[in-house]
Amino acid sequence: MMLKAERILKYTYQHIVRNGWLSFASIAIMTLTFFVISIFSFTVYSVNVILHYYESKSQIIVFFNPNAPISYIQSVKKDIIDTGKASNIKYVSKQQAFTNFEKVLKTQNPQLANAVDLNALPPSYEISTTSLSNLEDIANILYKVKAQSKGEINNILYFKSVVQFLKKAVSIITSIGIGLIIFLSIISFVIIIITIAITINSHSEDIEIMKLVGATDTYVSGPFIIEGAFYGIIGVFISSIILYLIYLVISTSYRKSVLLPILSFFQGIPIPQYSILLLLEIIGIEIFIGIVIGAISSFIAISRYLKK
Amino acid sequence: MLTFKNVSKNYKNRAVLDNINFNIDEGEFVFLVGHSGAGKSTIIRLIIKEENLTSGSIHFAGYDIEKLNKKALPFLRREIGVVFQDFKLLDRKTAFENVAFALELSDHTNREIKKGVDYILDMVGLSSKSKFFPNQLSGGERQRVAIARALVNNPHILIADEPTGNLDPSVSWDIIQLLNKINSWGTTILMATHASDVVNSMQKRVIALDEGKIIRDSEGGYNE
Ligand SMILES: Nc1ncnc2c1ncn2[C@@H]1O[C@H](COP(=O)(O)OP(=O)(O)OP(=O)(O)O)[C@@H](O)[C@H]1O
Ligand SMILES: [Mg+2]
């Protein structure tokens, strides 16, 4: 048993080494596949993280009339809470509004800061939600409340078109990304099967001879199947390294905003952080997929020769 | 130990073997002769089940070849050493590895394999070329690798399809002497050949085929 395993591994090694060019092609295809799939996965993930950041930063601000009674302001808060869709409601009182205002003005125009009347500034609620659709729902409710109010609500600040644009962008980018990943996976799988089939085809005579002198199917196909799995592992390995290097380049230049000026547009958005654990998990899953795809491709390709 | 009973083989309705009957006993040395296309290689292909027969039955060492299932087939083949007419060497393996392959199949240790292969390569006179790949060997040398592979496993029966076809007379004579020696140690030998001089000088049992039929089965020489 051990001897057999040892020999199968020996033949796997011989196939790979003595078949240099085709081995190279198989590894290249595998690498490309996992590279492209990873790129798209990370892009979809990152876009989602970034857009989620915008989502969570999107707010509705309700400005009340400075003279609106506290009870009214609290009843509006209750209306908002009752929707169950707000993740955070922050009350900014007259004083706080003044402090904020003062802070800004003092640096720019100290004289004006002294002239501002505390009572002229409106108190407000800053409402955040976890998703844009919740934000929209709350906005609709607030518009209704405002329509019924007798001037207690001064203004509602809600950038509807921006919000809608973001919402669309999230769903379009996600579905295009997922569609592309599926499409690419299928194409790659087919290419991998074809590449490995070519490799095995070039061995078809050997397979026949081995069987004629008494080799079992396992003994003949073992090296090919391990070979396929090996290409999968190497492909994942190489693509992961390339991807990591790219990530390093982007994330450092992002912070410095030297290499890619476009990224400065996003300054302030946290670059999505991938924890080591998450990365290892992803690599682990990809290696598993690589082994399965490689082994299955080999198996499909070789089963043609074993039937006889 | 090898019995053909009413064996016929058709390739697409064309009869290549027609009602073949013979029995070869343990330890015999048998020549299979006949014109090109008479069906000699076909008989060999049927024995190792490279092809399936059309009717009749073949028995070898207790196996009913026709009823042999897919799992048992490799074990049958390991008990039969075949020198194929077209050698069937593995182009990606060296002479040593080609011969070693047959031993690896039956779970020998690496040391046993090294010893066995070196011995047999020495016997066929190829020790110095053990690291050569088939495309670096001459036709005769390749033929000797094929013979070595067939012999290395100590098969019950050695079947040789034109084992001297590419050899000059003196080497081919060496090969015949080698087969004769192996036969004297107890291995049954079935050898398909055109070479009437070899057959004549050996004075062994001769099965002669013509257009798929046995036209003679007796000891002695071979008259075209
Ligand atoms: N796969 C095949 N399909 C169709 N016909 C075949 C096939 N293999 C062999 N034949 C035919 O069977 C006949 C016998 O072939 P076989 O190889 O047994 O001859 P042989 O006696 O070994 O000849 P030689 O001395 O030239 O090797 C030939 O006429 C050949 O054309
Ligand atoms: Mg022949």
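Residues numbered from 1 in each chain as written. Chains lettered and ligands numbered in written order. Predicted model: local features only at pLDDT ≥ 70, side-chain atom pairs only at ≥ 80, totals over all residues. Heavy atoms only, no water.

Residues and elements named next belong to chain B. Looking at the metal site, the magnesium ion (ligand 2) is ligated by Ser41 (OG) and Gln85 (OE1), spaced 1.9 to 2.2 Å from it. In this pair, Ser41 is assigned in helix α1 (residues 40-47) and Gln85 in the loop between β6 (80-83) and α3 (95-105), connecting sequence segments 44 residues apart. Using a relative accessible area of 15% as the deciding quantity, one classes Ser41 as buried. Classification of Gln85 by relative accessible area gives partly exposed; the value is 41%. (Donors = N, O, S within 2.8 Å, 3.2 Å for Na, K, Ca; no water. Helix = DSSP H or I, 4+ residues; strand = E, 2+ residues; numbered from the N terminus. Buried < 20%, exposed > 50% of the residue type's maximum accessible area, 1.4 Å probe, protein only.)

Residues and elements named next belong to chain A. A sheet is described by the order of its strands in space; here four strands give the open sequence β2-β3-β1-β4, paired in antiparallel fashion. The open sheet has two edge strands, β2 (88-92) and β4 (153-157), and neither has a second partner. Across the sheet, the axes of successive neighbouring strands diverge by a mean angle of 15°, strand direction being ignored. With five bridges connecting them, strand β1 (residues 59-64) and strand β3 (residues 124-128) associate as antiparallel partners. (Pairing = 2+ DSSP bridges. Axes fitted to C-alpha atoms, helices over the stretch in contact; angles between N-to-C directions.)

Next up on the list: the pairing of β1 of chain A. Direction of pairing for β1 of chain A relative to β4 of chain A: antiparallel, over a ladder of four bridges. When the bridges of β4 of chain A are listed, Phe63 of chain A appears paired with Asn155 of chain A.

The figure often quoted for interface size is the accessible area lost as the parts come together. Listed as interface residues are 26 residues of chain A and, on the opposing side, 24 residues of chain B. Summed over both partners, the interface of chain A with chain B comes to about 2300 Å²; 50% of that surface belongs to carbon and sulfur atoms. For chain A, the biggest contributors to the area lost against chain B are Arg7, Leu212 and Val213 of chain A; these three give 28% of the whole. The tally of links from chain A across to chain B stands at three salt bridges. Taken together, the links from chain A to chain B amount to 14 residue pairs in polar contact (both at pLDDT 80 or more). If you list the elements that add at least two residues to the side of chain A that touches chain B, you get α1 (2-18), α8 (204-212) and α9 (217-256) of chain A. Class assignment of the residues belonging to the side of chain A that touches chain B gives a composition of nine nonpolar, six polar and 11 charged. (Contact = heavy atoms within 4.5 Å. Buried area = accessible area lost by both parts, 1.4 Å probe. Salt bridge = Lys/Arg side-chain N within 4 Å of Asp/Glu carboxyl O. Polar contact = N/O pair within 3.5 Å; in protein donor to acceptor, adjacent residues only side chain to side chain. Nonpolar A, V, L, I, M, F, W, Y, C, P; charged D, E, K, R; others polar.)

Okay, the pairing of strand β2 (residues 14-24) of chain B next. All names here are of chain B. In this sheet, β2 lies alongside strand β1 (residues 2-11) in antiparallel orientation, the contact comprising seven bridges. Note on β2: the bridge partner recorded for Lys9 is Leu17. Between β1 and β2, which pair antiparallel and follow one another directly, the connecting turn spans two residues, one of which, Lys12, has a positive phi of 50°.

Residue and element names in this part refer to chain B. Positive phi values are uncommon outside glycine, yet Asn19 reaches one of about 50°. Tracing the sequence through the fold places Asn19 in strand β2. Even without a glycine there, the phi angle at Phe87 is positive, about 65°. The residue Phe87 is located in the loop between β6 and α3 in this model.

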